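Descriptive analysis of the structure
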Amino acid sequence: MTDWIAEERRYLFQNYGRQPVVIERGQGTRAWDTDGNEYLDFVGGIAVNVLGHSHPSVVRAIAEQAERVIHTSNLFYSIPMIQLARELVQRSGLDRAFFCNSGAEAVEAAIKLARRWGHDRRAGAFEIITTVDGFHGRTMGSLSATGTTRYREPFEPLVPGFRIVPWSDLDAVRSATSDRTVAVMVEPIQGEGGVNLPAPGYLAGLRAWCDERGLLLILDEVQTGIGRTGTLFAFEQEGVKPDIMALAKGLAGGVPIGAILAREEVAAHFVKGDHGSTFGGNPLAAAAALATLREVTAPGFLERVNEASRRLVERLQAIEDRHGLVTGIRGRGMLLAMGLARDCSADVVDEARRRGLLINNVRPNAVRLMPPLTVTDDEIERACDILEAAIVAVESQGSK
Ligand SMILES: *Cc1c(COP(=O)(O)O)cnc(C)c1O
């Protein structure tokens, strides 16, 4: 039998720290590796598989669209992209959509749009305020907006024009604002940074500050969007509306896609020739996104997600109560993290995997859970049993 892990070591760039599992097949929350082991997948492709693996609606939409037309380019009109834009505009309350293929690309588009707007409307203001531990992607622009030194340093000099201030600190944003400032860009909840919720009122405070100073509020909902936090977009729970929103990850249920949505007054500043993407709005990805949105916005779907989230949080809190190693449960909806008293998250991930549960060590002292929004009560029970057993195993190993 082929040793795929050895083949990967031989042929791919070694830029990822992968868990030693070759996933061959998935169905809903379950995934199977090449050794025939079954897992509960609480990573979900990093908050991508909102409907789990190979959801029948997404599979059917892809198959039907593939028969019709897969790719056209933006030299022509195509139907799924237009339907998807209409759907996202109507559901977000923003006015226009632009499509690309990933989160980083969506952030790049948002940065360019903000700069274009600043060029036209704010006497060339270009600076964007972002936050420590904020994550926006790995391309040069999105990396320059990302507030994690170890991602940034090896690639300096980065793109100028970003001011990185402490997370959830309104005063820091206020004092970083100058005549050069054009926008503030944050995630509603920091995902890669460790599932960090802002203080209550932070986003509303940013909105008020942006309004007062005539700045754009850019929300990076690449991870929090598409039902992940219990509403279609996380901003709905904060009583704010962004001027620009970036989407990707869950939008097409596993097919690569990215998007920005913006208010008319902002979107109008991208004129013909300003920006583009060969694959952007690709019919296959757009059809998958339409199918995904149809499921996530179906009556009762998000109510059930919130019920399931409450059940999962309760179970995780019960684990916290019983084990000193666990120092807190944080997050919202199906974007949750368990804090740990020491830097042993990689050990917890290993022990969980050996017992059939896939999770992610988002920080050295925190594991992240991002199950599909379709996760069943029974799967939640089993996953928490496994997670508790993993915690017990790591506790008994003691400090290393
Ligand atoms: C994952 C992520 C990105 C980058 O998305 P890619 O598709 O990996 O380029 C950007 N912003 C946020 C908030 C993310 O979670």
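Everything numeric here is computed off the predicted structure, so don't read it as measured data. (Residues numbered from 1 in each chain as written. Predicted model: local features only at pLDDT ≥ 70, side-chain atom pairs only at ≥ 80, totals over all residues. Heavy atoms only, no water.)

**Some remarks on the pattern of salt bridges**
Side chains that differ in charge, positive against negative, can pair when their charged atoms come close. Scanning all chains against the criterion turns up 25 salt bridges. Taking the shortest distance from any N to any O, the salt bridge between Asp 274 and Arg 116 comes out at 2.7 Å. Linking Asp 274 in the loop between helix H10 (264-267) and helix H11 (283-296) with Arg 116 in helix H5 (residues 103-121), this pair joins segments that are 158 residues apart in sequence. Overall, Arg 116 belongs to the partly exposed group, its relative accessible area being 23%. (Salt bridge = Lys/Arg side-chain N within 4 Å of Asp/Glu carboxyl O. Helix = DSSP H or I, 4+ residues; strand = E, 2+ residues; numbered from the N terminus. Buried < 20%, exposed > 50% of the residue type's maximum accessible area, 1.4 Å probe, protein only.)

**Concerning the site of the ligand**
Surrounding the ligand, one finds Ser 102, Gly 103, Ala 104, Phe 135, His 136, Gly 137, Glu 187, Asp 220, Val 222, Gln 223 and Lys 249. At 2.8 Å, a backbone N or O of Ala 104 approaches an oxygen atom of the ligand. A distance of 2.8 Å is found between an oxygen atom of the ligand and a side-chain nitrogen or oxygen belonging to Gln 223. Taken together, the residues of the shell around the ligand sort by class into three nonpolar, five polar and three charged. (Near = heavy atom within 4 Å. Polar contact = N/O pair within 3.5 Å; in protein donor to acceptor, adjacent residues only side chain to side chain. Nonpolar A, V, L, I, M, F, W, Y, C, P; charged D, E, K, R; others polar.)

**Let's talk about the layout of surface pockets**
A volume near 1,100 Å³ is recorded for the second largest pocket. Among the elements of the structure, helix H4 (79-92), strand S4 (96-100) and strand S10 (258-262) are those that each provide at least two residues to the lining of the second largest pocket. Counting residues per element, the lining of the second largest pocket draws most heavily on H4, at five residues. (1 Å grid on protein atoms, 1.4 Å probe; cavity = no way out; pocket = protein on both sides within 12 Å on 5 of 7 lines; lining within 4 Å. Points joined across faces, edges and corners; volume = space filled by probe spheres on them.)

**Section: empty space enclosed by the protein**
For the coordinates displayed, the defined rule picks out one cavity of 30 Å³ or more. Quantified by volume, the largest cavity comes out at close to 40 Å³. Along the walls of the largest cavity sit His 71, Thr 72, Ser 73, Asn 74, Ser 78, Met 81, Thr 278, Phe 279, Gly 280, Gly 281, Asn 282 and Pro 283, which together make up its complete lining. In terms of residue class, the lining of the largest cavity is built from three nonpolar, nine polar and no charged.

**Notes on a nonpolar patch on the surface**
On the surface, a cluster of nonpolar side chains totalling about 260 Å² of accessible area is made up of Met 140, Phe 155 and Val 159. Inspection of the secondary structure assignment puts Met 140 in helix H6 (residues 140-145). (Patch = residues over 30% accessible without salt bridge, like charges linked within 9 Å, V, L, I, M, F, W, Y side chains within 5 Å. Areas by Shrake-Rupley, 256 points an atom, 1.4 Å probe, with all protein chains shown as cover.)

**Description of the domain arrangement of the protein**
Here the domain parsing of the protein yields domain 1 (4-55 + 299-399) and domain 2 (56-296). A straight line from the C-alpha centre of domain 1 to that of domain 2 covers 26 Å. The junction of domain 1 with domain 2 conceals about 2,500 Å² of combined surface from both sides, 57% of it contributed by carbon and sulfur atoms. Counting the surface domain 1 buries against domain 2, the share from its top three residues, His 55, Arg 332 and Leu 335, is 30%. Summed over the shared surface of domain 1 and domain 2, the number is three salt bridges. The partner of Glu 192 in a salt bridge is Arg 368, with the nearest N and O atoms 2.8 Å apart. (Domains from an automatic or database assignment. Buried area = accessible area lost by both parts, 1.4 Å probe.)

**Quick notes on the sheet that holds strand S11 (residues 326-332)**
In spatial order, the strands read S11-S12-S15-S14; together these four strands make up an open sheet with antiparallel pairing. Taken across any chain shown, the strands that pair with only one partner, and hence form the sheet edges, are S11 and strand S14 (360-363). Mean inter-strand twist for the sheet, computed between neighbouring axes without regard to direction, equals 30 degrees. The pairing of S11 with strand S12 (residues 335-340) spans six bridges and is classified as antiparallel. Considered in S12, the bridge of Arg 330 is made with Ala 337. Those strands touched by helix H12 (residues 301-322) are S11, S12 and strand S15 (366-369), and its axis lies near 165 degrees from that of S11. (Pairing = 2+ DSSP bridges. Axes fitted to C-alpha atoms, helices over the stretch in contact; angles between N-to-C directions. Contact = heavy atoms within 4.5 Å.)

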